[in-house]
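Here are the chains, one letter per residue:
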Amino acid sequence: MVAPEAHGNRIAQAWSVLNGVMDPEVPVLSVVDLGVVRGVHEDSGELRIDLTPTYTGCPATAAIQLDVENAIEAAGLGRPTIRIVTSPAWTTDWMSADARRRLQEYGIAPPEQPAPQGRRALFAPAPALACPRCGSMRTRRTSEFGSTACKALYACEACAEPFEHFKCI
Amino acid sequence: MSGGARFEYLLRLGDSCLVLGHRVSEWCGHAPELEEDIALANVALDLTGQADLLLGEAARTEGRGRDADALAFLRDAWDFRNLLICERPNGDFAHTIVRQFLFDAWQVELYAALTGSGDSALAGIAGKAVKEAEYHLRHSGEWVVRLGDGTAESRTRAQAALDALWPYTGEMFETDETSAALAAAHVAPDPESLRPGWTRIVDSILGEATLTKPQAGWMQTGGFNGRHSEALGHMLATMQFLPRAYPGAKW
Ligand SMILES: [Zn+2]
């Protein structure tokens, strides 16, 4: 029988470990910052972690799952079971203000907030974005798709540098 | 509603994503420009991811110990239930884009309706996938406008693609016993109910692209019953080669 305090402790410890598990594609964001961790539970002495994929076909999903299992085990909390949840669907609105700031500093323009919803988002002009390097608003989208499922490509006309935008969904 | 109807329906959705996803992935390394190569690869990945969720759900419903991989790699062409438009060969870039646009407009309408499904697993998948489908539609729609309202050459090719693919759009709205059973159980929308929304999107983009909408006429059919064109068999021979030649292979 695990005492209630110990029980709560283990979950809190797991969260602090998860805060240190970085996204393999965007290494300034942890899986908690991204909103990919949907819950941590303890069932008959075993940790269960609920994860949600960012995009259904994101190839990093399997890598993230493995990194989470390894980090929790390495912290002495036992091998967790992972449950993949798809509902509610992941949205960039779950990204904290602090995470957005770190993304900006890393050179990736953060997603707008709140994410545009439904049909209004269709065929709307590309959002006006500030260049994460020089702050100029003279930027243009060069491609809707980027190096990973979660990013689009932009270019800044003021400093002439290309940059990435964390897409907003 | 029988589990059999749910299984059939999930195959229709999942196989359509899988087959089109594979087709689009054939552009990887061959697209006309780098940005487009990346865009098409991203669309292919999203579709394959949706297929994985839908076929995984189909396998659970079936309850015969198969998983999404077994359904994807170990069935033959006559067991596939995809829309025939998904298996059409890529042709030129205009052909690929017009095929994608007609499909994306249907998928956006379908997933939006499925988010209200009484089947929570299906509603969950649709809620996730509708955002991806909208993103794809914006990309393909913008290209249809660019090609149609572009040069004489791009316009001729886009119109030819539209004329060739149009007879494959009727299947999207076909009703049969399976679709009726799912609609009655509030699991899926009546396919015909998706037509007005689809038509609105298609008309608005074709108008902007100055392309001529083909006359209503005879429509192809058969994908939902496993009657496919020879194109699917050739595609599966490539797609399924590795797991069939090396059963249980992992990396
Ligand atoms: Zn700049």
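A quick note: this is a predicted structure, and the numbers were derived from the prediction, not measured.

Conventions used here
In this numbering scheme, every chain counts its residues from 1 along its sequence in written order. Whichever chain is written first is A, and whichever ligand is written first is 1; the rest continue in order. Reporting of local features is limited, given that this is a predicted model, to residues whose pLDDT is at least 70; pairs of side-chain atoms are given and counted only at 80 or more, and all residues count toward the totals for whole chains, interfaces and linings. To get the side-chain values, all heavy atoms of the structure are used, and hydrogens and water are removed first. Note on terminology: a nonpolar core comprises buried Ala, Val, Leu, Ile, Met, Phe, Trp, Tyr and Cys residues joined through side-chain atoms within 4.5 Å. Any residue under 20% of the maximum accessible area for its type is buried, any over 50% is exposed, and the rest in between are partly exposed; the area is computed with a 1.4 Å probe on protein chains only. Any two residues having at least one pair of non-hydrogen atoms within 4.5 Å are treated as being in contact. Stacked, edge-to-face and tilted labels apply to pairs of Phe, Tyr and Trp rings (six-membered ring for Trp) whose centres lie within 6.5 Å, assigned for plane angles under 30 degrees, over 60, and everything in between, in that order. The secondary structure listing takes helices from DSSP runs of H or I that are at least 4 residues long and strands from runs of E that are at least 2 residues long, numbered from the N terminus. Throughout this description, the term charge over a ring refers to an Arg CZ or Lys NZ atom that lies within 6 Å of the ring centre and within 35 degrees of the ring normal. Should DSSP find at least two bridges between two strands, the strands are taken to pair. To get an axis, a line is fitted to the C-alpha atoms, and for a helix only the part in contact is used. The angle between two axes follows their N-to-C directions and goes from 0 to 180 degrees. Start and end positions for the domains come from either an automated domain assignment or a database one. In this description, buried area is defined as the sum, over both parts, of the accessible area (probe of 1.4 Å) that is lost when the two are combined. A pair is scored as a salt bridge if a Lys or Arg side-chain nitrogen falls within 4 Å of a carboxyl oxygen belonging to Asp or Glu. Throughout this description, a polar contact denotes any pair of N or O atoms lying within 3.5 Å of each other; where both atoms belong to protein, one of them has to be capable of donating a hydrogen while the other can accept it, and for residues adjacent in sequence the pair is counted only when both atoms sit in side chains. Here the word oblique covers every angle except those under 35 degrees (roughly parallel), over 145 (roughly antiparallel) and from 65 to 115 (roughly perpendicular). Handedness of a crossing is defined here by the sense of rotation of the near helix relative to the far one, left-handed for an anticlockwise turn of less than a right angle and right-handed for a clockwise turn. Each residue gets one of three labels, nonpolar for Ala, Val, Leu, Ile, Met, Phe, Trp, Tyr, Cys and Pro, charged for Asp, Glu, Lys and Arg, and polar for the others, Gly among them.

Student: Sorry if this is basic, but what is going on with the nonpolar core here?
Tutor: Of all hydrophobic cores here, the largest spans 87 residues; its most connected members are L102, W106, Y111, L114 and W198 of chain B. Beyond its immediate chain neighbours, meaning those up to four positions away, W198 of chain B contacts L102, A105, W106, E109, W166, T169, M172 and F173 of chain B. Counting 32 residues, the second largest nonpolar core, distinct from the first, contains V40, V68, I82 and I169 of chain A.

Student: What should I look at first to understand the packing of aromatic side chains in this one?
Tutor: Any aromatic ring pair is given by two values, namely how distant the centres are and how the planes are angled relative to each other. Counted by the stated rule, this structure contains 9 aromatic pairs over all chains. Relative to Y135 of chain B, the ring of F145 of chain A has its centre 5.3 Å away and its plane inclined at 85°; by these criteria the two rings are edge-to-face. Of this pair, F145 of chain A sits in the loop between β5 (139-143) and β6 (151-156) while Y135 of chain B sits in helix α6 (residues 120-148), on two different chains. The pair F145 of chain A / Y135 of chain B is uniform in exposure class, with both members buried. A ring pair is formed by F103 of chain B and W106 of chain B, whose centres lie 5.6 Å apart and whose planes are at 55°; its orientation type is tilted. With F103 of chain B and W106 of chain B both in helix α5 (residues 93-114) and 3 residues apart, this pair spans about one turn of that helix. The two residues F103 of chain B and W106 of chain B agree in class, both being buried. Of note, R38 of chain A hangs over the ring of W94 of chain A, and the distance from its end group to the ring centre comes to 3.5 Å. Here R146 of chain B stacks its cationic end above the ring of W143 of chain B, 4.4 Å away from the centre of that ring.

Student: Looking at this structure, how should I read the sheet that holds strand β2 (residues 46-51) of chain A?
Tutor: Paired through their backbone hydrogen bonds, the strands of a sheet run either parallel or antiparallel. All names here are of chain A. Pairing within the open sheet is mixed, and its 3 strands lie in the order β1-β2-β3. Both outer strands of the open sheet, β1 (37-43) and β3 (81-84), are each paired with one neighbouring strand and no more. Between one strand axis and the next, the sheet turns through 20° on average, direction left out of account. Of the pairings in the sheet, the one linking β1 to β2 comprises 6 bridges and is antiparallel in character. Each residue of the ladder has a partner; that of E42, found in β2, is L47.

Student: What exactly am I supposed to notice about the domain arrangement of chain A here?
Tutor: A common way to state how big an interface is: give the accessible area lost once the parts meet. Residues and elements named next belong to chain A. You can read the domains of chain A as domain 1 (4-84) and domain 2 (97-166). Counting residues at the interface gives 8 residues for domain 1 and 10 residues for domain 2. In this assembly, domain 1 packs against domain 2 so that about 840 Å² is buried in total across both faces, 74% of it on carbon and sulfur atoms. The largest contributions to the domain 1 side of the interface with domain 2 come from V26, V28 and Y55, which together make up 48% of the buried area.

Student: Looking at this structure, how should I read the interface of chain B and chain A?
Tutor: Listed per partner, the contact involves 28 residues of chain B and 29 residues of chain A. Of the roughly 2500 Å² buried at the junction of chain B and chain A (both faces included), carbon and sulfur atoms supply 61%. Applying the counting criterion to the chain B and chain A interface returns 2 salt bridges. Across the salt bridge formed by E144 of chain A and R138 of chain B, the nearest N and O atoms sit 3.5 Å from each other. Remark: the boundary between chain B and chain A carries 8 residue pairs in polar contact (both at pLDDT 80 or more). Of all the secondary-structure elements, those providing two or more residues to the side of chain B that touches chain A are α2 (34-62), α5 and α6 of chain B. Considering each element in turn, the side of chain B that touches chain A owes the most residues, 14 residues, to α6 of chain B.

Student: Would you mind going over the packing of helix α1 (residues 3-25) of chain B against α2 of chain B with me for this structure?
Tutor: Two measures define how a pair of helices packs: the angle their axes make with one another and the distance between the axes. Residues and elements named next belong to chain B. Relative to each other, α1 and α2 sit at 160°, their axes nearing to 7 Å. Here α1 is positioned roughly antiparallel relative to α2, judged by the angle of their axes. The two elements α1 and α2 cross, and the hand of that crossing is left-handed. Its residues placed into classes, the contact of α1 with α2 shows 15 nonpolar, 7 polar and 4 charged.

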